[in-house]
Amino acid sequence: MHGFFSIAVMKKSVKKNKYRLTEKENVAILNIVIIPIIKRRYKMNSNAFRSLSYGVYAVTVWDEGRPTGCIANSAMQITSTPATIAISINHDNYTHECITRSGKFALSVLGEESDVSVIGTLGYQSGRDVNKFDNIAYELKGFMPVIKDACAYITCDVIDKMDTDTHTVFLGKVMDCDVLKGGEPMTYAYYHKVVKGKSPKNAPTYIPE
Ligand SMILES: Cc1cc2nc3c(=O)[nH]c(=O)nc-3n(C[C@H](O)[C@H](O)[C@H](O)COP(=O)(O)O)c2cc1C
């Protein structure tokens, strides 16, 4: 209330040309009065993000003589003709480095029947440290590794990208896609509720517990 009163008084004085606010005073009013009001108005309740829906995917790449990749929930179809897919990959992920280098990525759509150990192997360690595909069955589709135990695969050539502070959104033009085992694709909600899985820090949807 006091804040509003002082602003009103100041406005009046400014109008009458009696007093002009210095830059420091402007900044102080912004920080002490205006920003707290805006913050109170917009709750920024991050639980809202939990109501967004996703799938669970293996994003794979061919890395100088071996397959590698990571798990991503952030993948979506952007256009149908020509078909394009966007994925969001953390700058620190080794997969990010490989996609940037090769300009390609593949997406394997994991299903409710897929072995969940694939999520542990690809999603909780780095291809910098281990050969992730030592114990994961894969096949090559146009020189791109895809997971055998998946509903479907899509291979892409990167045609654009957009950087954020932590993640790069890669836009891929679909070069090939087909159904593998079919079945029910795993949703992110299923992964959390039924598999009781968590999301590590590098997932864009990570919310500290
Ligand atoms: C369910 C789940 C969803 C994930 N989603 C993403 C994602 O969308 N983008 C991302 O960059 N990392 C995501 N991650 C984290 C990466 O898979 C993880 O950091 C991985 O270890 C990176 O491996 P790399 O260093 O070999 O690329 C997710 C992990 C899990 C388990």
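Further up the page is the structure itself.
Note that the structure is predicted; figures quoted are calculated from it, not measured. (Residues numbered from 1 in each chain as written. Predicted model: local features only at pLDDT ≥ 70, side-chain atom pairs only at ≥ 80, totals over all residues.)

(A) Geometry of the site of the ligand. The ligand sits among 27 residues. The nearest are N93, T95, G123, S126 and G127. When contributions to the shell around the ligand are tallied by element, the ones reaching two or more residues are β2 (66-72), β4 (83-90), α3 (94-102) and α4 (117-123). Here the shell around the ligand gets four residues from one element, more than from any other, and that element is β2. When its residues are assigned to classes, the shell around the ligand shows 12 nonpolar, 15 polar and no charged. (Near = placed C-beta within 6 Å. Helix = DSSP H or I, 4+ residues; strand = E, 2+ residues; numbered from the N terminus. Nonpolar A, V, L, I, M, F, W, Y, C, P; charged D, E, K, R; others polar.)

(B) Examining unusual backbone geometry more closely. That bond from T81 to P82 is cis: its omega, -5°, falls within 30 degrees of zero. With respect to the helices and strands, P82 occurs in the loop between β3 (75-80) and β4. Despite not being glycine, E64 shows a phi value in the positive range, around 40°. In this fold, E64 is placed in the loop between β1 (57-63) and β2. Of note, K196 is a non-glycine position whose phi angle comes to about 60°, a positive value. With respect to the secondary-structure elements, K196 resides in the segment after α5 (188-193).

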